[in-house]
Amino acid sequence: MATGRTHRPATRSRGIPEATVARLPLYLRALTALSERSVPTVSSEELAAAAGVNSAKLRKDFSYLGSYGTRGVGYDVEYLVYQISRELGLTQDWPIVMVGIGNLGAALANYGGFASRGFRVAALIDADPAMVGKPVAGIAVQHIDDLEKIVDENGVSIGVIATPAGAAQQVCDRLVAAGVTSILNFAPTVLSVPDGVDVRKVDLSIELQILAFHEQRKAGEEPGAPVPPVVRGAGATAPAEGRKGPDGDMPAVMPA
């Protein structure tokens, strides 16, 4: 079976916009669910609704794949599953290494969906000597001193970082130096990488903060809900009940 570093699919991905690439996994997930239910064809409207996008955007995205469907029939589900999987590079084996096997790393390692989506966890790596040799998800944890050797022997081009923030950049640098060219970062920090290295960041706290923002806005828009006054200019009076921030009381008047 081909490995991710030595065999790459012959695709037209260079001509596909990044926004479209980001939606392809959504389409694939929806199509896979339809395939599991033995649904043979699907309309653009039905598939768009299942993927959470509008149908015009879906048809535009699929035009980059060279797939327009059949008028009056729709899209062939199995064909699109294969086509999108091929475009995403999921028709081959992608060995990955995961660095940082704490609570989050262990949970990720135990995720059962990697193999079915074209990814094989080749190694679990941690800096804690007490973790070395312990099985997690059936894989013995290896020490970070062997990172470069592990990457080379397994032909790894994708790394997952689930370390504390303070260790993430150093781990990233070592992965890149060892030949890893794509990194999925779960550490709560921004990584600096050279050109040619792709980084995707997953930050659960940021996503929750965005949801909190929307919840606050919805609460303020409810009929009869009090709306805090926006006070500008010098000499403004702070509200009676102040809010606490990470550095103490939040100022009632924000600088313009």
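Residues numbered from 1 in each chain as written. Predicted model: local features only at pLDDT ≥ 70, side-chain atom pairs only at ≥ 80, totals over all residues. Heavy atoms only, no water.

(A) Examining the overall build of the protein chain more closely. Along the protein chain, the regular secondary structure elements total 8 helices and 11 strands. Taking the intrachain contacts of the protein chain between residues at least 6 apart in sequence as the baseline, contacts between residues at least 24 apart amount to 57%. For the protein chain, the exposed surface amounts to about 15800 Å²; the carbon and sulfur share of it is 56%. (Helix = DSSP H or I, 4+ residues; strand = E, 2+ residues; numbered from the N terminus. Contact = heavy atoms within 4.5 Å. Areas by Shrake-Rupley, 256 points an atom, 1.4 Å probe, with all protein chains shown as cover.)

(B) Here's a closer look at helix α3 (residues 55-63). Among the residues of α3, those classed as buried are S55, L58, D61 and F62. One side of α3 holds all its buried residues, which, seen down the axis, span an arc of 120°. On its buried face, α3 sits against α1 (18-36), α2 (44-51), β2 (75-76) and α4 (77-88). Of the residues that open α3, the one with a side-chain oxygen 3.2 Å from the backbone nitrogen of A56 is N54. (Buried < 20%, exposed > 50% of the residue type's maximum accessible area, 1.4 Å probe, protein only. Arc of directions from axis to C-beta. Polar contact = N/O pair within 3.5 Å; in protein donor to acceptor, adjacent residues only side chain to side chain.)

(C) Spatial organisation of the pairing of strand β7 (residues 158-161). Residues I158 and V160 point to one face of β7 and G159 and I161 to the other, with burial holding for every one of them. Sheet topology places strand β3 (residues 94-99) next to β7; 4 bridges connect them, and they run parallel. Residue pairing in the sheet places V99 in a bridge with I161 of β7. Bridge analysis of β7 against strand β8 (residues 182-185) gives 4 bridges, and the strand direction is parallel. (Pairing = 2+ DSSP bridges.)

(D) Layout of the pattern of salt bridges. All chains considered together, the criterion is met by 6 salt bridges. Residue K201 is joined to D203 by a salt bridge in which the shortest nitrogen-to-oxygen separation is 3.6 Å. On the basis of relative accessible area, K201 is assigned to the partly exposed category, the value being 36%. (Salt bridge = Lys/Arg side-chain N within 4 Å of Asp/Glu carboxyl O.)

(E) Structural view of the confidence of the model for the protein chain. Per-chain confidence: the protein chain averages 82 in pLDDT, with 79% of residues scoring 70 or above. Low pLDDT (under 50) marks residues 1-13, which in the prediction has 35 contacts with non-local residues, meaning those over four places away or in another chain. Every residue in residues 234-256 scores below 50 in pLDDT, and together they form 13 contacts with partners more than four places removed in sequence or on other chains. (pLDDT = per-residue confidence, 0-100.)

(F) Representation of the environment of P188. Tracing the backbone shows P188 in the loop between β8 and β9 (198-201). P188 sits 14 residues away from V202 along the chain, and the two C-alpha atoms are 8.3 Å apart. In contact with P188, other than residues within four places in its own chain, are A165, K201 and D203.

(G) View of the packing of α1 against α3. With their axes 11 Å apart at the nearest point, α1 and α3 run at an angle of 105° to one another. Comparing their axes, α3 and α1 come out roughly perpendicular. For the pair α1 and α3, the contacting residues are T20, R23 and Y27 in the first and K57, L58, D61 and F62 in the second. Split by residue class, the contact of α1 with α3 holds 3 nonpolar, 1 polar and 3 charged. (Axes fitted to C-alpha atoms, helices over the stretch in contact; angles between N-to-C directions. Parallel < 35°, antiparallel > 145°, perpendicular 65-115°, else oblique. Nonpolar A, V, L, I, M, F, W, Y, C, P; charged D, E, K, R; others polar.)

(H) Expanded view of α4. With 12 residues, α4 should cover 16 Å at 1.5 Å per step; its first-to-last C-alpha distance of 16 Å lies within 8% of that length. Buried residues of α4: V77, L80, V81, Q83, I84, S85 and E87, and no others. Considering only its buried residues, α4 is in contact with α1, β1 (41-42), α2, α3 and β2. A positive phi of about 80° marks G89, the residue just after α4. (Expected span 1.5 Å × (residues − 1).)

(I) Molecular detail of unusual backbone geometry. Residues other than glycine seldom take positive phi values, yet S38 does so here, at roughly 60°. By the secondary structure assignment, S38 is in the loop between α1 and β1.

(J) Examining a negative patch on the surface more closely. A grouping of D145, D146, D152 and E153 is seen on the molecular surface, where their side chains present a negatively charged patch. Tracing the backbone shows D145 in the loop between β6 (139-143) and α6 (147-154). Classification of D145 by relative accessible area gives exposed; the value is 57%. (Patch = residues over 30% accessible without salt bridge, like charges linked within 9 Å, V, L, I, M, F, W, Y side chains within 5 Å. Lys, Arg positive; Asp, Glu negative; His and termini not counted. Charge placed at Lys NZ, Arg CZ, Asp CG, Glu CD.)

(K) Broad picture of the packing of aromatic side chains. Tallied over the full model, the rule gives 3 aromatic pairs. Measuring from centroid to centroid gives 5.1 Å for F62 and Y75, while their planes differ by 90°, and the two rings are edge-to-face. Of this pair, F62 sits in helix α3 while Y75 sits in strand β2; the two residues are 13 residues apart in sequence, bridging distant segments of the chain. For F62, a relative accessible area of 0% translates into the label buried. Both rings, one in Y111 and one in F114, keep their centres 5.1 Å apart while their planes meet at 85°; by these two values the pair is edge-to-face. Every member of this aromatic cluster is reached through a ring pair, and the members are Y27, F62 and Y75. (Phe/Tyr/Trp six-rings, centres within 6.5 Å; stacked < 30°, edge-to-face > 60°.)

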